[in-house]
Amino acid sequence: MKEESDLFNISEAHNIFNFSLNQARTILEEHFVQGGFFGRAVEITFVSCYTLLITAGMCLNLLISYVIISNKAVYASQNMLIVNLNISDLALCLFCMPFTLVQLIFRDWPLGDALCKIIPFSQASTIFVSAGTISVIAIDRHQAIINLIPVRRQFRKRRFLMYTFAIWMVSVLLSLPICFTKRVEKVGFLNFVIYKKCIEEWPSNFSKLVYLIVTFVAQLVIPTTVLVVTHFRVKSHLGSVKPQTSAQENEQNSERNQRELRRNLRANRVLQNICLVFTMSWSPWNVINLLADVYPNVMRPKDLYMTFAVCHLIAMTSATSNPILYGWLNTNIRRELIRLVEKFSCLSIANNVNRQDVRSNNALE
């Protein structure tokens, strides 16, 4: 598609058009700078949805992280992976959603060339970190249920630190090509800049397609495969060990084994929910990105832009669903959350009672 940045000679413009260049500038500036991609009602809807997701995502992830870090009962090595997921979701709330919302509503990119590279790089890195952390958590839970050999605490802590470091390093490396392909392009005619946009410029269509496939596999295919495989392996394992409980053991061991089995069944149901939510959240956005680059004329530009906006909004719901799935559905974390709420509730009630006592004493005096 030919951009509006084609250059015209001034004399040719006067011969072709029956209005002045000043009038043309006014019309184009009103159309491109002041006008947005969507109508006012759609813009308000997107702003409301993103604002709600950003607020809820930040509150939930900060709360889960606080509960894990501040309580020794849940401050375990495997739960630090949940904190790592919380950090990546917080980054989605801070770097991904606000700037994507700006790009959805306005055509102009006012943030300069440096942020045109840094912001998409940060967005991609946090998405890769989220996908990688979810995969590692699923593998760890799979190993914890199937392999009953305990791991010494210091080795377990060291292993999770290595996992976290590897996740961030791989995510940064996968995101680096964005820094070299993003640039700010000025759109206009003659010496008049109508608006600026942050675009990707690849050496060739083949290199762009290769990177797109790599990101598609890393962000969607690998995590989904890991979640599905671990879920069915755990389900198969629990089904095979269920009939063997308590037949050859005393009553105390039988009760303990039953509790362990129920706990593992709950963990597997959580893993199943995580698999479903992750697939439903990230599939539309990844598929539309791949489809738009491979078949750019698959739909009208306006319809494609609206589809992308809706799919991105669906993907960003993971910033709120993750703390619920990994936090509230975790028995230990949920117990500490309830205690925290009860603690603040008691403090609030006590403060209200003290205020009422002070007012009563003042009234009696």
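We now turn to the structure provided with this report. None of these values were measured; they are calculated from a predicted model. (Residues numbered from 1 in each chain as written. Predicted model: local features only at pLDDT ≥ 70, side-chain atom pairs only at ≥ 80, totals over all residues. Heavy atoms only, no water.)

Considering the packing of aromatic side chains
- For the coordinates displayed, the defined rule picks out three aromatic pairs.
- Taking 5.2 Å as the distance between ring centres and 35° as the angle between the ring planes, the aromatic pair formed by tryptophan 202 and tyrosine 211 counts as tilted. Like tyrosine 211, tryptophan 202 is buried.
- Just above the ring of phenylalanine 160 sits the side chain of arginine 159; from NZ or CZ to the centre is 5.4 Å.
- A cation over an aromatic ring shows up here: arginine 334 above the ring of tryptophan 328, its NZ or CZ 5.8 Å from the ring centre. (Phe/Tyr/Trp six-rings, centres within 6.5 Å; stacked < 30°, edge-to-face > 60°. Buried < 20%, exposed > 50% of the residue type's maximum accessible area, 1.4 Å probe, protein only. Lys NZ or Arg CZ within 6 Å of the ring centre and 35° of its normal.)

Considering empty space enclosed by the protein
- With the rule as written, the count across this model stands at one cavity of 30 Å³ or more.
- In this structure, the largest cavity spans a volume of roughly 30 Å³.
- When residues of the lining of the largest cavity are traced back to their parent elements, those giving at least two are helix H5 (112-146) and helix H8 (251-294).
- Of the residues belonging to the lining of the largest cavity, the class tally is four nonpolar, two polar and one charged. (1 Å grid on protein atoms, 1.4 Å probe; cavity = no way out; pocket = protein on both sides within 12 Å on 5 of 7 lines; lining within 4 Å. Points joined across faces, edges and corners; volume = space filled by probe spheres on them. Helix = DSSP H or I, 4+ residues; strand = E, 2+ residues; numbered from the N terminus. Nonpolar A, V, L, I, M, F, W, Y, C, P; charged D, E, K, R; others polar.)

A few points about the state of the cysteines
- Going through the model one piece at a time under the given rule, you end up with one disulfide.
- Each sulfur in the disulfide pair cysteine 116 and cysteine 198 lies 1.9 Å from the other. Its torsion about the S-S bond being 90°, the disulfide of cysteine 116 and cysteine 198 is classed as right-handed. Here cysteine 198 lies in strand E2 (residues 192-200) and cysteine 116 lies in helix H5, a separation of 82 residues in the sequence.
- The class for cysteine 116 is buried, based on a relative accessible area of 0%.
- Classification of cysteine 198 by relative accessible area gives buried; the value is 13%. (Disulfide = S-S within 2.5 Å.)

Focus on the side chain of glutamine 219
- You can see glutamine 219 is positioned in helix H7 (residues 205-241).
- Discounting residues that sit within four places of it in the chain, glutamine 219 has contacts with Ile127, Phe128, Ala131, Phe278, Trp285 and Asn286. (Contact = heavy atoms within 4.5 Å.)

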